[in-house]
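Tertiary structure, described
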Amino acid sequence: MARKNQKAPWEPEEEIIWVSKSEMKRDMEILQKLGVELVELSSSTLKKMPLSEDLLDAVKDAQRFKNEARRRQLQRIGKLMQYEDADQIQAALDKIRNKHAQNTMMLQKLELLRDRIAAEGDSAIEAVMTMYPEADRQRLRQLARQAAKEKQANKPPRAYREIFQVLRALQEAQE
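Residues numbered from 1 in each chain as written. Predicted model: local features only at pLDDT ≥ 70, side-chain atom pairs only at ≥ 80, totals over all residues. Heavy atoms only, no water.

1. Examining the domain arrangement of the chain
This is how the line gets drawn: Domain extents, as shown, originate in an automatic or database domain assignment.
According to the domain assignment, the chain contains domain 1 (21-84) and domain 2 (97-174). The centre of domain 1, based on its C-alpha atoms, is set 42 Å off from the matching centre of domain 2.

In C-alpha cells form, the structure reads like this:
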C-alpha cells in the first residue's frame, strides 16, 4: 500500500538536462578560442578587460610561452574561462574590434580627402575648411601646390604625406 505523501515513480521531480560529451568539448573549444583572442591582446588592453586575477595571470603567462607550453596554457585558460562570464568578455572584445574598425574607416576617409586636396586644390580645401574651421588654409594650399609639383617631377611625395598628417591632427583635435 502506497503512502499518501509519496510521489509516484513515473512523475519526475525536476527535469534533468543531459549534455553530451561532444557538446561539452565544443563549449570548451569556444572558450579556448576566446582565450586565444585574449592572449593576442596587448597588456594595456588586457587591463581594460573584465578578467579575474587568475585568468589575467594565465593570459600573461601564455603570452610568454612558446610551442607546447603555450598550447597547454591555452587549455588551462579555457578551463579558467568556465568560471568567468564569457559573454561579458566577448562583448568587451567586440567593442575593442569595433573601435579598431572605426579608426581604420576614419583614416581611409582622411586619405580620400588628402587625395582630393592634391587633385582639386582650392575647392577641396574649402570642404576641409567647412569640416575643420580651425584648419590653416594657407598651409593647406601651400602643401597642395607642393604635392602637385612633386608629382610632376616624379619626386617622393613628402608634401602629400604632410597633408595627411595635417588632416589627422585636425581630426584628433576635433575629437
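Next, the rest of the story.
2. Some words on the pattern of salt bridges
Stated precisely, the cut-off is as follows: Any Lys or Arg side-chain nitrogen located within 4 Å of an Asp or Glu carboxyl oxygen qualifies as a salt bridge. The secondary structure listing takes helices from DSSP runs of H or I that are at least 4 residues long and strands from runs of E that are at least 2 residues long, numbered from the N terminus. Working definition: with a 1.4 Å probe on protein chains only, accessible area under 20% of the residue-type maximum means buried, over 50% means exposed, and in between means partly exposed.
Applying the stated criterion across every chain yields a total of 11 salt bridges. Ionic pairing is found between Glu68 and Arg72, a salt bridge with its closest N-O pair at 4.0 Å. A residue pair is termed a helical-turn pair when its members lie 3 or 4 positions apart in one helix, as Glu68 and Arg72 do in helix α4 (residues 67-81) at four residues. A relative accessible area of 47% places Arg72 in the partly exposed class. Put simply, Arg168 and Glu172 hold a salt bridge, and the shortest N to O gap is 3.6 Å. Residue Arg168 and its partner Glu172 are both found in helix α8 (residues 158-174); the two are separated by four residues, about one turn of the helix. Residue Arg168 is classed as partly exposed on the basis of its relative accessible area, which comes to 32%. Here the salt bridges share partners, and the residues they tie into one network are Arg139, Glu150, Arg158 and Glu162.

3. As for the packing of helix α1 (residues 21-39) against α4
We apply this condition: To obtain each axis, a line is fitted to C-alpha atoms, and for helices this fit is confined to the stretch in contact; angles are then taken between N-to-C directions over 0 to 180 degrees. Should an angle fall under 35 degrees it is called roughly parallel, over 145 degrees roughly antiparallel, and 65 to 115 degrees roughly perpendicular, with every other angle called oblique. In a left-handed crossing the near helix is turned counterclockwise from the far helix by less than a right angle, and in a right-handed crossing that turn is clockwise. The contact criterion used throughout is that any non-hydrogen atoms of two residues lie within 4.5 Å. Charged means Asp, Glu, Lys or Arg here, nonpolar means Ala, Val, Leu, Ile, Met, Phe, Trp, Tyr, Cys or Pro, and polar covers whatever is left, Gly included.
Their axes nearest at 8 Å, the elements α1 and α4 cross at an angle of 115°. Judged by the angle between their axes, α1 and α4 are roughly perpendicular. The crossing of α1 and α4 is right-handed. Two secondary-structure elements touch here, α1 through Met28, Leu31, Gln32, Leu34, Gly35, Val36, Leu38 and Val39 and α4 through Arg70, Leu74, Gln75, Ile77, Gly78, Lys79 and Met81. A class-by-class count of the residues in the contact of α1 with α4 yields nine nonpolar, four polar and two charged.

4. Observations regarding the environment of Leu167
Structurally, Leu167 is set in helix α8. Leu167 sits 32 residues away from Ala135 along the chain, and the two C-alpha atoms are 8.5 Å apart.

5. Focus on unusual backbone geometry
Positive phi, normally seen in glycine, also occurs at Asn67, with a value near 50°. Summarising the element assignment, Asn67 is placed in helix α4. Exposure remark for Asn67: the relative accessible area of 69% places this residue in the exposed category. With a phi angle near 55°, Asn154 is a residue other than glycine that sits in the positive phi range. As for its placement among the helices and strands, Asn154 is situated in the loop between α7 (137-152) and α8.

6. Quick notes on the side chain of Gln73
Mapped onto the elements, Gln73 comes out in helix α4. For Gln73, a relative accessible area of 10% translates into the label buried. When sequence neighbours within four positions are dropped, the list of residues in contact with Gln73 reads Ala58, Asp61, Ala62 and Phe65.

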